[in-house]
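# Observations on the model geometry
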Amino acid sequence: MPEPPHIGVLALQGAFDVHAKRLTELGAKAHLIRKPDELKELDGLVLPGGESSTFLWHLELAGFYDVLKAFVQSKPTFGTCAGTILLASEVLNPAQKSFAVLDITVERNAYGRQNDSVILQEETSLPGGPLETVYIRAPRIARTGAGVVTLATRDGSPTLVRQGHVLAATFHPELSEDRRVHEYFLEMVRASR
Ligand code: GLN
């Protein structure tokens, strides 16, 4: 049996425990990451949903920002919702600092109040038919650069995208029974090892 991939879930704030549970169910070794030196042995990392501005505040406070930036620049990383905002090259509404490892423009809280939280079935290029997507105060991807592959869409806007070692969803795949997005990420991690 090959050694299971070691996947970190940034656990400073937000929806980290459900990601860890899902990753464990899928055969990975999940680690909750709260300090910069805990990134060392990881094969991949999940940046969960939450509040991206609060994440930034915690990261700066803990002297974590630069170490995390170096990680996401080179190792498989999966951002969901607020995590996607942290990875984007441009953030709007309002403009915000980000790691800029994924060539997209995101608009925070873009789907309006009545749609703050909604569950949809979306078209996806992942095998297995429509994807169940759970949205909570979600950002919208307003632009994708040339190197970005779109894997799912909502009303024509990309909602699941990949650029090389970076995967990002504007929804919360950990809150759906559908495991395909985490499976896809673990495949990316295995391929990179
Ligand atoms: N609205 C949050 C933000 O702007 C993201 C919401 C989420 O992660 N569910 O950071």
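A brief look at the structure comes next. (Residues numbered from 1 in each chain as written. Predicted model: local features only at pLDDT ≥ 70, side-chain atom pairs only at ≥ 80, totals over all residues. Heavy atoms only, no water.)

## Here we look at the site of the ligand
- Taken together, Gly49, Gly50, Glu51, Ser52, Cys81, Ala82, Ile85, Arg108, Asn109, Ile136, Arg137 and His172 form the complete shell of residues around the ligand.
- Between the ligand and arginine 108 there is a distance of 2.7 Å, counted from an oxygen atom to a side-chain nitrogen or oxygen.
- For the ligand, the protein covers 97% of the area, taking 300 Å² as the surface of the free molecule.
- Partitioning the shell around the ligand into residue classes produces 4 nonpolar, 5 polar and 3 charged. (Near = heavy atom within 4 Å. Polar contact = N/O pair within 3.5 Å; in protein donor to acceptor, adjacent residues only side chain to side chain. Areas by Shrake-Rupley, 256 points an atom, 1.4 Å probe, with all protein chains shown as cover. Nonpolar A, V, L, I, M, F, W, Y, C, P; charged D, E, K, R; others polar.)

## Digging into a nonpolar patch on the surface
- Taken together, the side chains of Val18, Ile136 and Leu175 make up a nonpolar region of the molecular surface, amounting to roughly 210 Å² of accessible area.
- Following the sequence through the fold, isoleucine 136 ends up in strand S8 (residues 131-136). (Patch = residues over 30% accessible without salt bridge, like charges linked within 9 Å, V, L, I, M, F, W, Y side chains within 5 Å. Salt bridge = Lys/Arg side-chain N within 4 Å of Asp/Glu carboxyl O. Helix = DSSP H or I, 4+ residues; strand = E, 2+ residues; numbered from the N terminus.)

## Thoughts on the sheet that holds strand S10 (residues 149-154)
- One open sheet holds the 9 strands; their spatial order is S2-S1-S3-S4-S12-S11-S10-S7-S8, and the pairing between them is mixed. Lying at the two open borders of the sheet, with one neighbouring strand each, are strand S2 (29-33) and S8. Across the sheet, the mean angle separating the axes of adjacent strands is 25° when strand polarity is ignored.
- Where strand S4 (residues 77-80) lies against strand S12 (residues 166-169), 4 bridges are found, and the strand directions are parallel. Opposite threonine 77, over in S12, you have valine 166 as the bridge partner. (Pairing = 2+ DSSP bridges. Axes fitted to C-alpha atoms, helices over the stretch in contact; angles between N-to-C directions.)

## Here we look at the sheet that holds strand S6 (residues 102-107)
- Taken together, 3 strands build an open sheet; the order of strands is S5-S6-S9 and the sheet is mixed. Two strands in the sheet have a free side with no partner beyond their single neighbour: strand S5 (88-92) and strand S9 (140-144). Between one strand axis and the next, the sheet turns through 25° on average, direction left out of account.
- In this structure, S6 lies alongside S9, joined through 4 bridges in antiparallel fashion. Looking at the pairing, isoleucine 104 lines up with threonine 144 of S9.

## Structural notes on the packing of aromatic side chains
- The full count for this structure, using the stated rule, is 4 aromatic pairs.
- Summarising the aromatic geometry, the rings of tyrosine 65 and phenylalanine 99 are spaced 4.8 Å apart at their centres and angled 35° between planes, so their arrangement reads as tilted. With tyrosine 65 in helix H3 (residues 65-74) and phenylalanine 99 in the loop between S5 and S6, this pair connects stretches of sequence that are 34 residues apart. Considered together, tyrosine 65 and phenylalanine 99 belong to a single accessibility category, that of buried residues.
- If you follow lysine 97 out to its NZ or CZ, it ends over the ring of tyrosine 65, 4.0 Å from the centre.
- Over the face of the ring belonging to tyrosine 135 we find arginine 154, whose NZ or CZ atom lies 4.3 Å from the ring centre. (Phe/Tyr/Trp six-rings, centres within 6.5 Å; stacked < 30°, edge-to-face > 60°. Buried < 20%, exposed > 50% of the residue type's maximum accessible area, 1.4 Å probe, protein only. Lys NZ or Arg CZ within 6 Å of the ring centre and 35° of its normal.)

## Side note on the pattern of salt bridges
- Across all of its chains, the model carries 12 salt bridges by this definition.
- Put simply, arginine 22 and glutamate 25 hold a salt bridge, and the shortest N to O gap is 3.6 Å. Highlighted residues: arginine 22 and glutamate 25, both in helix H1 (residues 16-25), separated by 3 residues, approximately one helical turn.
- For glutamate 25, a relative accessible area of 37% gives the class partly exposed.
- The partner of lysine 35 in a salt bridge is glutamate 38, with the nearest N and O atoms 3.8 Å apart.
- Residue lysine 35 is classed as partly exposed on the basis of its relative accessible area, which comes to 49%.
- Overall, glutamate 38 belongs to the partly exposed group, its relative accessible area being 29%.
- When salt bridges that share partners are traced, they join Lys21, Arg22, Glu25 and Arg179 into one network.

## What to know about the nonpolar core
- Leu10, Leu45, Leu68 and Phe99 are the most contacted members of the largest nonpolar core, which totals 31 residues.
- Of all the secondary-structure elements, those providing two or more residues to this core are strand S3 (44-47), helix H2 (52-61), H3, helix H4 (82-87), S5, S6 and S12.
- Not counting chain neighbours up to four residues away, the residues in contact with leucine 68 comprise Leu10, Leu39, Leu45, Leu47, Leu59 and Phe99.
- Ala11, Ala20, Tyr135 and Phe171 belong to the second largest nonpolar core, which has 26 residues in total. (Core = buried A, V, L, I, M, F, W, Y, C linked by side-chain atoms within 4.5 Å. Contact = heavy atoms within 4.5 Å.)

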